[in-house]
Amino acid sequence: GGNQTATVIALCSMKDFNLAQETCQLAIRDVGGLEVLINLLDTDEVKCKIGSLKILKEISHNPQIRRNIVDLGGLPIMVNILDSPHKSLKCLAAETIANVAKFRRARWAVRHHGGITKLVALLDCAHNSAEPAQSSLYDARDVEVARCGALALWSCSKSYANKEAIRKAGGIPLLARLLKTSHENMLIPVVGTLQECASEENYRAAIKAERIIENLVKNLNSENEQLQEHCAMAIYQCAEDEDTRDLVRMHGGLKPLASLLNKTDNKERLAAVTGAIWKCSISKENVTKFREYKAIETLVGLLTDQPEEVLVNVVGALGECCQEYENRVIVRKCSGIQPLVNLLVGINHALLVNVTKAVGACAVDPENMAIIDRLDGVRLLWSLLKNPHPDVKASAAWALCPCIQNAKDAGEMVRSFVGGLELVVNLLKSDNKEVLASVCAAITNIAKDQENLAVITDHGVVPLLSKLANTNNDKLRRHLAEAISCCCMWGRNRVAFGENKAVAPLVRYLKSNDANVHRATAQALYQLSEDADNCITMHENGAVKVQL
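Residues numbered from 1 in each chain as written. Predicted model: local features only at pLDDT ≥ 70, side-chain atom pairs only at ≥ 80, totals over all residues. Heavy atoms only, no water.

Draft legend 1. A look at the overall build of the protein chain. Along its length, the protein chain carries 39 helices and zero strands. In terms of C-alpha radius of gyration, the protein chain reaches 31 Å, well past the compact-globule figure of 24 Å for 548 residues. Dimensions along the principal axes, computed over C-alpha positions, put the protein chain at roughly 105 × 50 × 50 Å. Buried positions account for 55% of the 548 residues belonging to the protein chain. (Helix = DSSP H or I, 4+ residues; strand = E, 2+ residues; numbered from the N terminus. Rg over C-alpha atoms; globule rule 2.2 N^0.38 Å. Buried < 20%, exposed > 50% of the residue type's maximum accessible area, 1.4 Å probe, protein only.)

Put into structure tokens, the structure is as follows:
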């Protein structure tokens, strides 16, 4: 209850210290300064509150002090200050919350004390402006309040529950409106929050509805690297959705993304840009544009000397682009096959999933396949079937299919891998549907060679395939039926499939809605029907009626 003027003078003197220095920050804490500063926030004196918050804002950059502020109950008091009529007080409280809410317990406390709703309310700086689109009409102080609110929300939005709270409090339309302003320092926390929240399905739908994509695209052309990075990152998060990928193209977003690929010094931005390009290239029309902008050549150049978070995206993008013949030729002409094959020996599992897909896509062309084989790429793919991650196993098995189809002497090549066929057959014991479908596809290709079919028959491929027949998964049904069809071509395998009870379940596949399943099943039943007992089973299960 001392003299207010003396307190303010003391606070001003403290501001003269270098508060960014850790020694000063911890000294304030060690002499009990934090308690005093937090108690001052509970007074009615605006000047004292402002002085205290100015210091707390600076020293809360320190992780230990953040925790101390939360332990001393500082957050609920700061959340209450967000209702103050004083704009500078609101700003300081929001900025301090932005610093403190960098860890889980703090983010929980902000939400628990009603802070998210109050922070969202700060974003509404246009409620008294007639023309929301005219950023010049905003009062500069209102813009600053909204910026600080966005900064705090950005920190808070790292948690799922807070993302939901921001959405329920009506945050998305307000963020969308702020995105139309030209204030760069405002745009960074706004886009940062949107990018953080875009990991959630609900947000992606709202982002599309609020026409946010066009403003993200517009800001890719900004000079500010951090803003470009967050815009690209938000596009990366949203572009899982087909309509969004079209919107990015329609609003002219592919060209700035392609040109940002040439700026490789800032790795965070490069990771975001390559991520956006990867997701956008899931749509064929976008791939055509990227080819026009010479992005494929640039992507190949990024296959070496880049951090893994960039490589995952670059390889992902090439895997999508190489679904088309012209781009497979570009990758080969730019000497891209070797660096891709070199990446098959890594351990980063997201990178392995993408690189197996890219190598498989390239292998569709016999000329590329010859290079992959010469570089020992097929053996590397085969050894990835032992990887502990099911998605790596599946991706490697899918990639082996075009390799076997396009190799010069495929049968001989497959036999050259010691223990390779046994490994493939044993993967039919997996309980992962994608692994099973991909392995069935690989077996379909392996079984086209009589010698290899004899070997996999000895390894027990017939009972293992038969065991899988009772599945409802259409993707697995299709590839399983194709594998059964090809395995009928050896010895008494046709009879063995009947004995292992594979025939009756196959008949039921004909009721599927998937034309590919029908085609594969008809082929398999045709092969199996060369055995009289199988014909009886088919008849008993109504195959004739369904076929007619």
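Draft legend 2. How the structure looks around the UniProt feature "repeat: ARM" (unreviewed entry) in the protein chain. Taking the UniProt record as the reference, the feature "repeat: ARM" (unreviewed entry) is found at residues 419-461. With 72% helix and 0% strand, residues 419-461 has its two end C-alpha atoms placed 15 Å apart. (UniProt positions renumbered as here; feature names shortened; annotations may be inferred.)

Draft legend 3. The arrangement of the UniProt feature "coiled-coil region" (unreviewed entry) in the protein chain in detail. The feature "coiled-coil region" (unreviewed entry), as annotated in UniProt, sits at residues 206-233 in this numbering. The span residues 206-233 carries 75% helix and 0% strand; its end-to-end C-alpha distance comes to 17 Å.

Draft legend 4. Summary view of the pattern of salt bridges. Under the criterion given, the structure shown has 31 salt bridges. Note that Arg211 and Glu214 form a salt bridge whose closest N and O atoms lie 3.1 Å from each other. By relative accessible area, Arg211 is classed as exposed at 56%. Note that Arg494 and Glu530 form a salt bridge whose closest N and O atoms lie 3.8 Å from each other. With Arg494 in helix α35 (residues 493-499) and Glu530 in the loop between α37 (515-528) and α38 (532-540), this pair connects stretches of sequence that are 36 residues apart. Judged by its relative accessible area of 54%, Glu530 is exposed. In this structure, a network of salt bridges that share partners links the residues Lys57, Glu95, Glu144 and Arg147. (Salt bridge = Lys/Arg side-chain N within 4 Å of Asp/Glu carboxyl O.)

Draft legend 5. Highlighting the nonpolar core. Counting 191 residues, the largest nonpolar core has Trp382, Ile456 and Leu465 as the members making the most contacts within it. By residue number, the principal contributor to this core is helix α10 (residues 140-156), which donates nine residues. Lining this core are residues from two domains, each supplying at least three of them: domain 1 (294-408) and domain 2 (429-547). The contact partners of Leu465, leaving out residues within four places of it in the chain, are Leu428, Cys440, Leu480, Ala483, Ile484, Cys487 and Phe497. (Core = buried A, V, L, I, M, F, W, Y, C linked by side-chain atoms within 4.5 Å. Domains from an automatic or database assignment. Contact = heavy atoms within 4.5 Å.)

Draft legend 6. Here's a closer look at helix α34 (residues 474-487). Taking 1.5 Å per residue as the helical rise, α34 with its 14 residues ought to reach 20 Å, and the 20 Å between its terminal C-alpha atoms agrees with that figure. Within α34, 10 of the 14 residues are buried, which leaves it mostly tucked inside the rest of the structure. Those residues of α34 that fall on the buried side of the exposure criterion are Leu476, Arg477, His479, Leu480, Ala481, Ala483, Ile484, Ser485, Cys486 and Cys487. (Expected span 1.5 Å × (residues − 1).)

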